[in-house]
Amino acid sequence: MTAAVPPSIDDQTVIARNSGMIDAEIGGELVGLHLESGNCYGFNPTATRIWALIEQPTSFGDLCTALTAAFEVDDVTCRQDVALLINELNREGLITLNPA
């Protein structure tokens, strides 16, 4: 079996949360339960911030701009790390990626 190729992400890709996850912030970190799959997720503080930023559909470019302003991270590292998380959230069915 071959792994699915993750969708291409560029600055105009819009990231939107899917419905079906209940979550709560505990000590600066998010704990979520996806009702459809029954999977439970724990988000570190950075992933918690990303989840908050995509409460409304947001472009990848705008997301990275907000994160580089809020955290001490260079643009290249931010984009690489955020793309990894976004692809994982997409694989888990928590978000949808839409080209502009």
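These numbers were taken from a predicted model, which means no experiment stands behind them.

## With respect to the sheet that holds strand E2 (residues 21-26)
- Taken in spatial order, the three strands make up an open sheet running E2-E3-E4, and their pairing is antiparallel. Since the sheet does not close on itself, it has two edges, and those belong to E2 and strand E4 (40-43), each with one partner. Averaged over all adjacent pairs, the angle separating strand axes in this sheet is 20°, with direction ignored.
- The sheet contact formed by E2 and strand E3 (residues 29-34) spans six bridges and is antiparallel. Within the sheet, the bridge partner assigned to Ile26 lies in E3 and is Glu29.

## Here we look at the packing of helix H1 (residues 45-53) against helix H3 (residues 75-91)
- It is the contact of H1 with H3, at a shortest axis distance of 12 Å, that shows an interaxial angle of 70°. Judged by the angle between their axes, H1 and H3 are roughly perpendicular. As H1 packs across H3, the resulting crossing turns out to be right-handed. Between H1, through Ala47, Ile50 and Trp51, and H3, the contact on the second element is made entirely by Val82, Leu85, Ile86 and Leu89.
- Across the contact of H1 with H3, the residue classes tally to seven nonpolar, no polar and no charged.

## Some points on the pattern of salt bridges
- Per the stated rule, a full pass over the model turns up three salt bridges.
- As a salt-bridge pair, Arg79 and Asp11 come within 2.4 Å of each other at their nearest N and O atoms. Here Arg79 is found in helix H3, whereas its partner Asp11 is found in the segment before strand E1 (14-17), with 68 residues between them in sequence.
- Arg79 sits in the partly exposed class, given a relative accessible area of 22%.
- The closest approach of N and O atoms between Glu88 and Arg91, which form a salt bridge, is 2.5 Å. Linking Glu88 with Arg91, this pair stays in helix H3, spanning three residues, or about one helical turn.
- Exposure remark for Glu88: the relative accessible area of 33% places this residue in the partly exposed category.
- On the accessibility criterion, Arg91 (55% relative accessible area) is exposed.
- Three or more residues joined by partner-sharing salt bridges are found here, namely Asp11, Asp75 and Arg79.

The rules behind these values
Residues numbered from 1 in each chain as written. Predicted model: local features only at pLDDT ≥ 70, side-chain atom pairs only at ≥ 80, totals over all residues. Heavy atoms only, no water. Pairing = 2+ DSSP bridges. Helix = DSSP H or I, 4+ residues; strand = E, 2+ residues; numbered from the N terminus. Axes fitted to C-alpha atoms, helices over the stretch in contact; angles between N-to-C directions. Parallel < 35°, antiparallel > 145°, perpendicular 65-115°, else oblique. Left-handed = near helix turned anticlockwise from the far one by under 90°. Contact = heavy atoms within 4.5 Å. Nonpolar A, V, L, I, M, F, W, Y, C, P; charged D, E, K, R; others polar. Salt bridge = Lys/Arg side-chain N within 4 Å of Asp/Glu carboxyl O. Buried < 20%, exposed > 50% of the residue type's maximum accessible area, 1.4 Å probe, protein only.

Treat this as a map of the structure, not an account of what it does.
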